[in-house]
Amino acid sequence: MGLVQIGLSLMLLQLLLVWHLGPVFHSSELPWQTLAVGALLGQALGYWLGALKWSRALVPVASLAPLLAVALRGLSSLGPLQHNLVLRLLSGMSVAVVCSAGLAQLTVAYWNHRPARMRLSRFYALEMLGAIGALALALALGPDGSTLVYPWCVLLAAQGWVGLPTCLSLLLVAVLESLTFSQARWLAGQRAYSPALLKAQAVSPYQYVEIVEQHGQSYLFLNGLCHYGPQSVNQLNRYLAQWPAQRLPSGVQRSGCLILGAGSFVAPAYTLQAGLPTTVIELDARVVELGRANFADQWRPIHPLDGLKVVVGDARQELERQGPTGLVVINLPTPYSLNVASLFTREFFERIRGQLVPGGQLSLFLGGPLQETGLDGFEGPVVQALLQVFPHLLAISSVSCENTVILASDSPLGTPTEWRRHLRSQGQSRFRLLTEEDLKVLAAPYQPASFNNFQFCAALNRSLWVTP
């Protein structure tokens, strides 16, 4: 039974560190990669120290894992870790190594006191059984509940093998964490965004979702990165959703609109206002919950969202369950995770093309205004992928909303002259229009973004880690 408890503790530890280190690294993937290396190193260190009988003192530290992760987030807000990749990697690795080493000592203790003739295969099988149980428990309890259970799992696993003084210290740590953890996480978030005000905070299986208020206006932060703010988001969504929806032929409009990514819900407000039946597909239920509650002042004056359908799920799967569509809007900023990056690839654009009715369009949020010097390492592969899938493209690079929207279709999108006249009639003046021929020249040095192209994903994440 002790081996099951060890597996339970090890799996919970990894899940908790992934959840709570996300904001420190501004990524959902980097904690997994850090833990993969850290757990192996920690396990090896634990067995080595265990043979020397030195690592028993590390067991109490293991139960501090959630508070250590929260403390690291608070430290990152003070400055030294914020823009220093090496320090963040070393700090995160140290948490993983120390905690894994402590639990590795428990494994050594159980192995040294195993029943006679127990096979190694059975030893590992029981440990894995505990890991599977921890995964089920974590999914049932959620991040916060699992965090509170974790130190008690360490105490249970250590009982009878590490001595009374260590067990008493583990008991004290478990009680303190149960009493203080929720406040510690909230206080770390407040410090991270000071002098702005942290209004809401939720942990999902994918990321931290937070609402931060500054100068009386709300911002949506995912894993510590701002993705939706009030200054230009309504302006951006006019380019992204309102004007493409208005310019669609009436027959295409009746086929409706799919919006990938909920955010502030301004984009669906515009498409509903234009008369398109609209469905939002959002991976994270917490984004839906906090987005609708905190950005109502932005979308309600446009449209009350009556009749909006919201589907919580992965866009790659949910897209297949939707019928033929007139307009698909990728309402996501520069991808902040590998899961989101997959929506900006040639393969996914091919699926969208197959989803569109004749005359339908894809509207894509590419990022900041395009520079005359050319595309960067993220923009180039995405634009090249679009060029290989769609025969007609039009990029609107706006300085007024500090973003670029690309329209793509099997049918002509209208001439730059028509779009220039339309945008100016809407009060827009600071923008550039680029046709597919212009984009071909800019994207020529790049290969298309692909599911199978790990270089694109690596470049994406490297840019996030170095310049959050």
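Now for a quick tour of the structure. (Residues numbered from 1 in each chain as written. Predicted model: local features only at pLDDT ≥ 70, side-chain atom pairs only at ≥ 80, totals over all residues. Heavy atoms only, no water.)

A few words now on the packing of helix H6 (residues 120-158) against helix H7 (residues 164-193). The geometry of H6 relative to H7 is characterised by a closest axis approach of 9 Å and an angle of 175 degrees between their N-to-C directions. Judged by the inter-axis angle, H6 sits roughly antiparallel to H7. Every residue of H7 that contacts H6 at Asp144, Thr147, Leu148, Pro151, Trp152, Val154, Leu155 and Ala158 is listed here: Cys167, Leu170, Leu171, Ala174, Val175, Glu177, Ser178, Phe181 and Arg185. In the contact of H6 with H7, the residues fall into twelve nonpolar, two polar and three charged. (Axes fitted to C-alpha atoms, helices over the stretch in contact; angles between N-to-C directions. Helix = DSSP H or I, 4+ residues; strand = E, 2+ residues; numbered from the N terminus. Parallel < 35°, antiparallel > 145°, perpendicular 65-115°, else oblique. Contact = heavy atoms within 4.5 Å. Nonpolar A, V, L, I, M, F, W, Y, C, P; charged D, E, K, R; others polar.)

With respect to topology, four strands assemble into an open sheet ordered E1-E2-E3-E4, the strand pairing being antiparallel. A single partner strand is all that each edge strand has here, and the edge strands are strand E1 (197-203) and strand E4 (225-228). Put simply, the sheet's adjacent strands are angled 30 degrees from each other on average, direction ignored. Judged from the six bridges that link them, E1 and strand E2 (residues 208-214) form a sheet pairing that is antiparallel. Considered in E2, the bridge of alanine 200 is made with isoleucine 211. (Pairing = 2+ DSSP bridges.)

Looking now at the sheet that holds strand E12 (residues 431-435). An order of E7-E6-E5-E8-E9-E11-E10-E12 is seen for the eight strands of this open sheet, with the pairing classed as mixed. Edge positions in the open sheet fall to strand E7 (309-312) and E12, since each of these has one partner strand only. Strand-to-strand twist across the sheet, computed as the mean angle between neighbouring axes with direction ignored, equals 15 degrees. Pairing between strand E6 (residues 278-282) and E7: four bridges, direction parallel. Each residue of the ladder has a partner; that of valine 280, found in E7, is valine 310. The strands that helix H16 (residues 379-389) touches are strand E9 (356-367), strand E10 (392-398) and strand E11 (403-409); relative to E9, the one it contacts most, it runs at about 175 degrees.

Now for the nonpolar core. With 49 residues, the main nonpolar core has Leu220, Tyr239, Trp419 and Leu423 as its most contacted residues. With six residues, the top contributor of residues to this core is helix H8 (residues 233-247). Setting aside residues up to four positions removed in sequence, tryptophan 419 forms contacts with Trp243, Arg247, Leu394, Ile396, Leu407, Leu413, Gly414 and Leu433. Judged by nonpolar contacts, the second largest core, of 37 residues, contains Ala315, Leu319, Leu439 and Ala443. (Core = buried A, V, L, I, M, F, W, Y, C linked by side-chain atoms within 4.5 Å. Buried < 20%, exposed > 50% of the residue type's maximum accessible area, 1.4 Å probe, protein only.)

All we've got here are geometric facts, nothing functional implied.
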